Amino acid sequence: MNTWKIVLSNLKNKPLYTFLSVFSLSISIALLLGVLQLDASVQNQFKNSLGNVDLVVGAKGSPLQLVLSSVLHVDNPTGNISYPEAIKLTRNPLIKNAAPISYGDNYKGYRIVGTTPAFNSFYAAEIATGTSPKTSMEAVIGSEVAQKLGLQLGDTFKSAHGLTDEAIEAHDAEFKVVGIYKKSYKVLDRLIITTLESIWDVHDHDEHEEHEHEEAHQHEAKEVTSLLLSFRSPVGLLTTPRMINEQTNMQAALPKIELDRLFKFTGIGIQAISWIAYIILIISCITIFISLYKMVKERAFDLALMRTYGASNLKISTIIALEGICIVVLSLLIGFALSQLGLYFVFTILKSSLQQDIIPTLPLQSFLYTVILILAVILIGIAMAIMPLFKMNISKILSDEK
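These notes cover the structure that comes with them. (Residues numbered from 1 in each chain as written. Predicted model: local features only at pLDDT ≥ 70, side-chain atom pairs only at ≥ 80, totals over all residues. Heavy atoms only, no water.)

## Here's the deal with the pattern of salt bridges
Applying the stated criterion across every chain yields a total of four salt bridges. Of the charged contacts in the structure, one is a salt bridge between Lys-88 and Glu-85, with a shortest N-O distance of 3.3 Å. Placement of both Lys-88 and Glu-85 in helix H4 (residues 83-89) is noted, with a separation of three residues, approximately one turn of the helix. Among the residues examined, Lys-88 registers a relative accessible area of 45% and is labelled partly exposed. (Salt bridge = Lys/Arg side-chain N within 4 Å of Asp/Glu carboxyl O. Helix = DSSP H or I, 4+ residues; strand = E, 2+ residues; numbered from the N terminus. Buried < 20%, exposed > 50% of the residue type's maximum accessible area, 1.4 Å probe, protein only.)

Right under this line is the structure:
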């Protein structure tokens, strides 16, 4: 009889064992691959959204909150800082690019950020249609904003105070869409970018009727939320943050370091889920081993009879090994499919909460390492189950059966 027919027949004759083995192994594989890809995708998304921002300067408070609010735009700001004081920092020759940003309003949940043209350089931003904002109350919107809200060039909208769409519309001044960014899969996709003057004008529109010298005095006292910086060399990163933290009433936070700290905390949960998956994997391997080992013991007479008819140890071992390998291959396929299905739903939820598409990232090296580890553990179990074959006393087994 054909080897594959024997293997398939054995699997069909043990439907419960086959189902439980494939089910448990598929779950462990789905968890391992899913968690691996989810962790890599989220980390890659956050790091990608940092752009070329080396340092963020803002009000005293939590450095992580400052990074999350001013760079990733997923938290509330720590406060405001003096615009003139922030500009003084940009005179440092070590600084390559600097962009003050001011925000506190939104349109249907999407943040409105006032800044300067230098902001685009941090994200290599390209405009798909239209132009950059040049005067007050002009805005360029991210691709996600345009897609979700249906905004087009020339459309107008009013901002609401606060950073969520639950805020009550409070401003009468209208913004005009003059440009739409190309999709970048960065934080830029979900922002509405305008000029600093726009933010000031929206909040100070009642003051515009006052005398010119009073307006000039107020302009000097303007505030911004934070300042984004990039440096010409690593020397700037070594000296500037300490100088700002020690000699000013502002704080400097390094986005990459703060994100690494954040990932260390979230990594605990990732490791916990991974260990659960490894435990399920080990249990699955033990189940396969016990089943194959039991099969070798219970069918000793049939196997011995096959030996008398010319079947070699290699032939019989191949039949048994193929049963285990079939289960492993089927489990890998189902496990991978389950992981992708689960990630689809998770990414959908994250997209809704982050208001941005997440690029699925599959680290090939880690993926291959995980698959090889799974195969190695299973093959060890199969090899241990086959070992009794090589110690089989054919004549004794046949005589005992008679």
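## Here's the deal with the nonpolar core
Counting residues in each nonpolar core, the largest one holds 31 residues, and the members touching the most others are Leu-25, Ile-288, Leu-292 and Ile-378. Where this core is concerned, the elements lending two or more residues are helix H1 (3-13), helix H2 (15-49), helix H10 (255-298), helix H12 (313-354) and helix H13 (364-390). Among the elements that take part in this core, H12 stands out by supplying nine residues, more than any other. With residues near it in sequence (within four places) discarded, Ile-288 still touches Tyr-17, Ser-21, Leu-25, Ile-327 and Ile-378. Judged by nonpolar contacts, the second largest core, of 28 residues, contains Val-56, Val-71, Ala-99 and Leu-188. (Core = buried A, V, L, I, M, F, W, Y, C linked by side-chain atoms within 4.5 Å. Contact = heavy atoms within 4.5 Å.)

## Description of the pairing of strand S3 (residues 95-107)
The element S3 is largely enclosed, with a buried count of ten among its 13 residues. Across six bridges, S3 lies against strand S11 (residues 226-231) in antiparallel orientation. Note that in S11 the partner of Ala-98 across the bridge is Leu-229. When S3 meets strand S4 (residues 110-115), the two strands line up antiparallel, connected through five bridges. Bridged to Asn-106 within S4 is Arg-111. Looking at chain direction, S3 and strand S7 (residues 156-161) are connected through two bridges and run antiparallel. The residue bridging Asn-106 from the neighbouring strand is Ala-160, located in S7. (Pairing = 2+ DSSP bridges.)

## Structural notes on the environment of Ala-146
Structurally, Ala-146 can be placed in helix H6 (residues 143-149). Separated by 43 residues in the primary sequence, Ala-146 and Asp-189 have C-alpha atoms spaced 8.9 Å apart.

## A closer look at H2
Under the 1.5 Å per step criterion, the end-to-end length of H2 is 49 Å for 35 residues, consistent within 8% with the ideal 51 Å. Directly beyond the C-terminal end of H2, a positive phi value near 60° is found at Gly-51. (Expected span 1.5 Å × (residues − 1).)

## Things to note about unusual backbone geometry
Phi is positive for Ala-124, close to 50°, though the residue is something other than glycine. Topologically, Ala-124 is positioned in the loop between helix H5 (119-122) and strand S5 (127-130). Ala-124 sits in the exposed class, given a relative accessible area of 56%. For Tyr-185, which is not a glycine, the phi torsion comes out positive at approximately 60°. You can see Tyr-185 is positioned in the loop between strand S8 (169-181) and strand S9 (191-195).

## Observations regarding a nonpolar patch on the surface
A grouping of Leu-330, Ile-334, Leu-338, Leu-341, Tyr-344 and Phe-345 is seen on the molecular surface, where their side chains present a nonpolar patch of about 580 Å² in accessible area. Looking at the secondary structure, you find Leu-338 in helix H12. For Leu-338, a relative accessible area of 37% gives the class partly exposed. (Patch = residues over 30% accessible without salt bridge, like charges linked within 9 Å, V, L, I, M, F, W, Y side chains within 5 Å. Areas by Shrake-Rupley, 256 points an atom, 1.4 Å probe, with all protein chains shown as cover.)

So yeah, pure geometry; function would need other evidence.
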